[in-house]
Amino acid sequence: MNRLIDKVIMITGAAQGIGEGVARAFHAEGATVIVTDILVNENNALADELGERAIAFALDVSNEEQWQQVMHAVEERFGRLNGLFNNAGITGLEAESGPHDPEHVSLNDWHRVHAVNLDGTFLGCKYAIQLMRRTQSAGSIINMSSRSGLVGIPGAAAYASSKAAIRNHTKTVALYCAQQGLPIRCNSIHPAAILTPIWEPMLGEGVQREAAIKRIVADCPMHRFGEVSEVAAVCVMLASDEANYLNATEINIDGGVLAGSFSPVQKD
């Protein structure tokens, strides 16, 4: 349980879902975790529960000034940063503001999704690189993309676009750091349907829930949702020294969905 011992790692969007699960996994592996979120109460509660080697900061990832403030506080307190998980993101569908298809999505909704998902990732990479350079820290940046960044999603055009851009920016960051002679790796992960609280309103209860789950996982060769722990395991590996030669890669966590066309076996 010491794969990340002595590492200082920041997680954005850490208050719930995948961010929370990854923060817990990093902490369990010995890291000092900096958990950040706009959900201040939940984020603080997570840090309090984790106890020693955990600290919470409020952070709106689309706000550059807040990034500067948090990174300054991290440098003052720890003197280094060894990892960043750029996880915070939105689908744009949470507020039910209207359709998100290419014909009808509003420009305001388009900008909001990109501000959180893409600008947030850009700012995280920017200020992590600067801090790691100043403190001469070897580092691992993990960017949260998505299966939706690899295929078209007609009903979530802004989300898909932002995640595709994150995929590309990850490679740019990795190559830039290598060009600069910085010991900083940058990789992206691409989960498909991972069972987190964000799915609960769409799943319902009882028979409705069973039917919804069956419909959603129908195209997955493994016939199930992914678990947060399965995403966290990949993040632990990427953040650890075991992955020192993994750079500018993209890792799909999708149960085989993107491997190709899938024809389920018909049962009698």
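Residues numbered from 1 in each chain as written. Predicted model: local features only at pLDDT ≥ 70, side-chain atom pairs only at ≥ 80, totals over all residues. Heavy atoms only, no water.

Considering the packing of helix α3 (residues 64-78) against helix α4 (residues 107-134)
Piece 1. Relative to each other, α3 and α4 sit at 30°, their axes nearing to 10 Å. The orientation of α3 relative to α4 falls into the category roughly parallel. As α3 runs across α4, the sense of the crossing is right-handed. Residues Glu-64, Trp-67, Gln-68, Met-71, Val-74 and Glu-75 of α3 touch α4, and the partners they reach there are Gly-120, Leu-123, Gly-124, Lys-126, Tyr-127, Ala-128, Leu-131 and Arg-134.
Piece 2. The class makeup of the residues in the contact of α3 with α4 is seven nonpolar, three polar and four charged. (Axes fitted to C-alpha atoms, helices over the stretch in contact; angles between N-to-C directions. Helix = DSSP H or I, 4+ residues; strand = E, 2+ residues; numbered from the N terminus. Parallel < 35°, antiparallel > 145°, perpendicular 65-115°, else oblique. Left-handed = near helix turned anticlockwise from the far one by under 90°. Contact = heavy atoms within 4.5 Å. Nonpolar A, V, L, I, M, F, W, Y, C, P; charged D, E, K, R; others polar.)

With respect to helix α2 (residues 40-50)
Every α-helical turn comprises 3.6 residues, leaving residues that sit three or four positions apart pointing alike.
Piece 1. Burial in α2 covers these residues: Asn-43, Leu-46, Ala-47 and Leu-50. Down the axis of α2, the buried side of the element spans an arc of 95°, and every buried residue falls inside it. In α2, the exposed positions that point more than 90 degrees away from the buried face belong to Asn-41, Asp-48 and Glu-49.
Piece 2. The elements touched by buried residues of α2 are α1 (17-28), β2 (32-37) and β3 (54-58).
Piece 3. Of the residues one or two after α2, Gly-51 is the one with positive phi, at around 80°. (Buried < 20%, exposed > 50% of the residue type's maximum accessible area, 1.4 Å probe, protein only. Arc of directions from axis to C-beta.)

Focus: the sheet that holds strand β7 (residues 250-253)
Piece 1. Taken in spatial order, the seven strands line up as β3-β2-β1-β4-β5-β6-β7 in an open sheet, and their pairing is parallel. Of all the strands in the sheet, just β3 and β7 have a single pairing partner and so form its edges. For this sheet, the mean inter-axis angle between neighbouring strands, taken without regard to orientation, is 20°.
Piece 2. Helix α5 (residues 157-179) contacts β5 (139-144), β6 (184-191) and β7 of the sheet and is inclined by roughly 160° relative to β6. (Pairing = 2+ DSSP bridges.)

The analysis is restricted to geometry; functional conclusions fall outside its scope.
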